[in-house]
Protein chains: 2
Amino acid sequence: MAGIRLDAFTGRYAQRTAGMTASEIRALFAVASRPEVVSLAGGMPYTTALPLDAVGSLMSDLIARNGPAALQYGSGQGDPVLRELICDVMALEGVIGSPDDVTVTVGSQQALDLITRIFIDPGDVILAEAPSYVGALGTFASYQADVVHVPMDAEGLVPEALREAIAQVQASGRTAKFLYTIPNFHNPAGTSLSDPRRDEVLQICVEAGLLVIEDNPYGLLGFEGPPTPAIRARGGENHVIYLGSFSKTFAPGLRVGWVLAPHAVREKLVLASEASVLCPPALNQMIVSEYLTTQDWQGQVAVFQKLYQERRDAMLNALTSMMPSGTTWTHPTGGFYVWTTLPAGLDAKVMQPRAITARVAYVPGIGFYADGQGQRELRLSYCFPEPARIEEGVRRLAGVVEAELELLQTFGPSFSERITGATTPSPGLA
Amino acid sequence: MAGIRLDAFTGRYAQRTAGMTASEIRALFAVASRPEVVSLAGGMPYTTALPLDAVGSLMSDLIARNGPAALQYGSGQGDPVLRELICDVMALEGVIGSPDDVTVTVGSQQALDLITRIFIDPGDVILAEAPSYVGALGTFASYQADVVHVPMDAEGLVPEALREAIAQVQASGRTAKFLYTIPNFHNPAGTSLSDPRRDEVLQICVEAGLLVIEDNPYGLLGFEGPPTPAIRARGGENHVIYLGSFSKTFAPGLRVGWVLAPHAVREKLVLASEASVLCPPALNQMIVSEYLTTQDWQGQVAVFQKLYQERRDAMLNALTSMMPSGTTWTHPTGGFYVWTTLPAGLDAKVMQPRAITARVAYVPGIGFYADGQGQRELRLSYCFPEPARIEEGVRRLAGVVEAELELLQTFGPSFSERITGATTPSPGLA
């Protein structure tokens, strides 16, 4: 029985712990990080492009000037200097908020955790796009929320589908607490919520008494003109909880995100954060403040935009020239991700080991749904590999898809049915 | 009605949110941080004593050598290099663990949160010392745990009282999930669990099927000889979850703590941490690893020991020479805190505004109990102010206590009864 460890604590865990399972992405990391594999799986920003000399210098300057405070406990709500600066950052997307209503968090993942903690009782419903961010789904599951997915199309969340989903939840006697949405350069879908739909989605939620959780880590990483004003910027002060992050505009290794919430909610968020981590790291907050005030951070964001745009182009061009017909994908105008739907009869999860053998990694789609959808779908990331590697990765992937199609044609659809149990394409972005 | 804000979200929060209330300590911070006030309230390590030049240099060196990784996402469990080093640190207190069973957390507060999250259903019982760490009580309340306090004496937790508490919980039909204990230089009690009692407490918990949560942030900050081996070091591998922190040996502004847990529990902790913060900050972990490997960190701990010992001496000497008779206090042999019990008839919470007026701050005792005990008690910290300030603070405090006693003698015990509703001294350390 070597290697098998029984869990002596089974039966002693909380009920919520049963909902904690390893994500599709996590299981992939070990294989995807082998050097011979082209990873189109991870969502890692290209931190190599940062002005590293300047970042190192500002850290040592900060310690020389203000070391005892940077290394000390801070406030649970977060450093007031940084909260002021965060308001300036949010204003770039039309969001006007008070520093007093901002809570600094350990990445926006912690903001998701705190929001779920203060609003969700077991069995409460959260509405979310189909597909949705895998990290949010994990958090929602850990609080025993019931996620109801709302379809998207090329313009993002479909308002009519949102109305229907709300009506169905109400008809079933359950309580929907909020809509969770990523309006810009969606992870994983790669689409953005169109300008007119932002107003419509807000209005639908206000009428239904639903909060909107607007998660916006990628908003400043658009490739085509200025940002579309946020949902929060459209009269949503009392109805929207807005999440931001420095993980994509600066560096994820700092784990500095934030949440802007109506004042009463902000008070609960701070209490929940104190119970969770006492306070976010003072050092990291002061590093971000130094970076925002001493560096041309918007110039650096422009560097990232250009870099990711080149990679996006490399990926879309490679997909267009190499993927077998019947494969479709989204056309992101910013962010990190292209959402791909395989030809009918294929299954991205079943295909995954063969892709790894062909030295290319992606994330199968089912991890981005709480309800088992997404078997034909997969997420491709273009943020980290250089363009030539992206092209090589798509070449390898196209070869795997072709081989799968040949198998399917040889053995018939019953071949993949037997493996996957699915013949109908999943809804959503197919 | 200016200044009054109603909470439009009442009725929409989760049930657990009702248990989230601001701590006594938090409410104090604003007044206690005024420069004219001698604060004996906070538990801030004296970060000014750190080798700041070296810390600044190692940060810029780290970014120059390994910036893209330090600024990138990391693993949910924490950096393997740091987890190896943490095992070396734990060995100093007799704890032998595998890096694979270590999870790095955002301070040990996050470890408390994750443990509570995976084990506690609403209504489950947690046994804890009387008094106990206010931050742990806040976390336990936020998961709707029911805390049952176990009395301490000068040798720490009283084993016979632990047996009785376990029996009472069982008799009441409730489920106790774990004992939460701070065996070294207790916050707030200032006492340590004696060597023989450590074995006894472990044995009692093993027999009762209770996990021991051993929270040990201060273990290396003893003033009298080598550390007493941890509870985890006494055959507790499968029964103890051990929490450590770099907040007191290095710097709290980094928020780097850890938890060593039986393997099956560790797997759940990592999943819970990913749902909570995705991963702890890579930068902070690498800074700690650099500090441990390039600096004489144990020499620095010796510097802290000496510094805190001088301050402990200053506080105990001042208390002995100045406090009115009838006041008692503990005699810490390490750590940051002296737990003080006022003469019968006084109430530390009622006295607090008068102490602030006299420009001295402390933390009233009731915040360190989940059940309203501790009215005569208060926590004094000697970690942050310099010795002369400590002496001045105790002088002011003694004056306030004397004035309270005069009021009591003038108006009789009914005076304080009317205010506090309490005439019997609280149990525990009185």
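## Section: the overall build of chain A
Secondary structure assignment for chain A yields 13 helices and 14 strands. Its C-alpha atoms give chain A a radius of gyration of 22 Å, near enough to 22 Å, the size a compact globule of 430 residues would have. Along the first, second and third principal axes, the C-alpha atoms of chain A reach 70 × 55 × 55 Å. Residues classed as buried in chain A amount to 62% of the 430 residues present. A separation threshold of at least 6 residues defines the contact pool for chain A, and within that pool the share at least 24 residues apart is 76%.

## Thoughts on the sheet that holds strand β3 (residues 125–130) of chain B
Residue and element names in this part refer to chain B. One open sheet holds the eight strands; their spatial order is β2-β9-β8-β7-β6-β3-β4-β5, and the pairing between them is mixed. One side of each edge strand has no neighbouring strand; the edge strands of this open sheet are β2 (102–106) and β5 (156–157). Alignment of strand β8 (residues 240–245) against strand β9 (residues 256–260), held across four bridges, turns out to be antiparallel. Residue pairing in the sheet places Y242 in a bridge with L260 of β9. Those strands touched by helix α3 (residues 80–91) are β2, β8 and β9, and its axis lies near 100° from that of β2.

## Let's talk about the nonpolar core
In this structure, F246, F250 and Y308 of chain A together with F246, F250 and Y308 of chain B are the most contacted members of the largest nonpolar core, which totals 153 residues. Among all residues touching F246 of chain A, those that are not within four sequence positions of it are L82, I86, V89, A251, V256, W258, V288 and L292 of chain A. Of all hydrophobic cores here, the second largest spans 90 residues; its members include Y13 and A136 of chain A together with L114 and A264 of chain B.

## Topic: the interface of chain A and chain B
Each side of the interface is counted separately: chain A has 80 residues, and chain B has 80 residues. Between chain A and chain B, roughly 6600 Å² of surface is buried when both sides are summed, and carbon and sulfur atoms account for 61% of that area. Ranking the residues of chain A by area buried against chain B places R12, L71 and Y73 of chain A at the top, with a combined share of 11%. Our count for the chain A to chain B interface comes out at two salt bridges. Residue D113 of chain B pairs with R117 of chain A through a salt bridge whose shortest N-O separation is 2.9 Å. Our count for the chain A to chain B interface comes out at 43 residue pairs in polar contact (both at pLDDT 80 or more). Broken down by secondary-structure element, the contributors of at least two residues to the side of chain A that touches chain B are α2 (52–70), α4 (107–119), α5 (134–142), α8 (263–277) and α9 (282–294) of chain A. When residues in the side of chain A that touches chain B are grouped by element, the largest group, 11 residues, is from α8 of chain A. Its residues assigned to classes, the side of chain A that touches chain B shows 43 nonpolar, 23 polar and 14 charged.

## Details of the pairing of β2 of chain B
For a regular strand, the rule is simple: side chains alternate between the two faces of the sheet. All names here are of chain B. Summarising burial for β2: five of the five residues are buried, a large majority. Covered by surrounding structure in β2 are V102, V104 and V106 together with T103 and T105, the residues of both alternating faces. When β2 meets β9, the two strands line up antiparallel, connected through five bridges. Note on β9: the bridge partner recorded for T105 is G257.

## Notes on the domain arrangement of chain A
Residues and elements named next belong to chain A. Along its sequence, chain A is carved into domain 1 (21–49 + 300–420) and domain 2 (52–294). Across the contact, 29 residues belong to domain 1 and 28 residues belong to domain 2. Roughly 2400 Å² of surface becomes buried between domain 1 and domain 2 when both sides are summed, with 67% attributable to carbon and sulfur atoms. Broken down residue by residue, the surface that domain 1 buries against domain 2 is led by T333, Y337 and F368, which jointly contribute 23%. At the junction of domain 1 with domain 2, the criterion picks out zero salt bridges. Applying the counting rule to domain 1 against domain 2 returns eight residue pairs in polar contact (both at pLDDT 80 or more). Those elements that place two or more of their residues in the side of domain 1 that touches domain 2 are α10 (297–322) and β11 (337–341). Looking at which element gives the most residues to the side of domain 1 that touches domain 2, the answer is α10, with seven residues. Broken down by class, the residue content of the side of domain 1 that touches domain 2 amounts to 14 nonpolar, 12 polar and three charged.

## A few points about unusual backbone geometry
Residue and element names in this part refer to chain B. A cis geometry characterises the amide bond from A130 onward to P131, with omega recorded as 0°. Summarising the element assignment, P131 is placed in the loop between β3 and α5 (134–142). With an omega of 15°, the peptide bond between N187 and P188 qualifies as cis. Mapped onto the fold, P188 is located in the loop between β6 (176–181) and α7 (195–208). Not every positive phi belongs to a glycine, and R255 is a case in point at roughly 55°.

## Focus on the side chain of D124 of chain A
All names here are of chain A. Along the polypeptide, D124 turns up in the loop between α4 and β3 (125–130). Polar side-chain contacts of D124 include one of 2.9 Å to the backbone nitrogen of D121. Leave out the neighbours within four places in its chain, and D124 touches F119, A145, D146, T175 and K177.

Rules used throughout
- Residues numbered from 1 in each chain as written.
- Chains lettered and ligands numbered in written order.
- Predicted model: local features only at pLDDT ≥ 70, side-chain atom pairs only at ≥ 80, totals over all residues.
- Heavy atoms only, no water.
- Helix = DSSP H or I, 4+ residues; strand = E, 2+ residues; numbered from the N terminus.
- Rg over C-alpha atoms; globule rule 2.2 N^0.38 Å.
- Buried < 20%, exposed > 50% of the residue type's maximum accessible area, 1.4 Å probe, protein only.
- Contact = heavy atoms within 4.5 Å.
- Pairing = 2+ DSSP bridges.
- Axes fitted to C-alpha atoms, helices over the stretch in contact; angles between N-to-C directions.
- Core = buried A, V, L, I, M, F, W, Y, C linked by side-chain atoms within 4.5 Å.
- Buried area = accessible area lost by both parts, 1.4 Å probe.
- Salt bridge = Lys/Arg side-chain N within 4 Å of Asp/Glu carboxyl O.
- Polar contact = N/O pair within 3.5 Å; in protein donor to acceptor, adjacent residues only side chain to side chain.
- Nonpolar A, V, L, I, M, F, W, Y, C, P; charged D, E, K, R; others polar.
- Domains from an automatic or database assignment.

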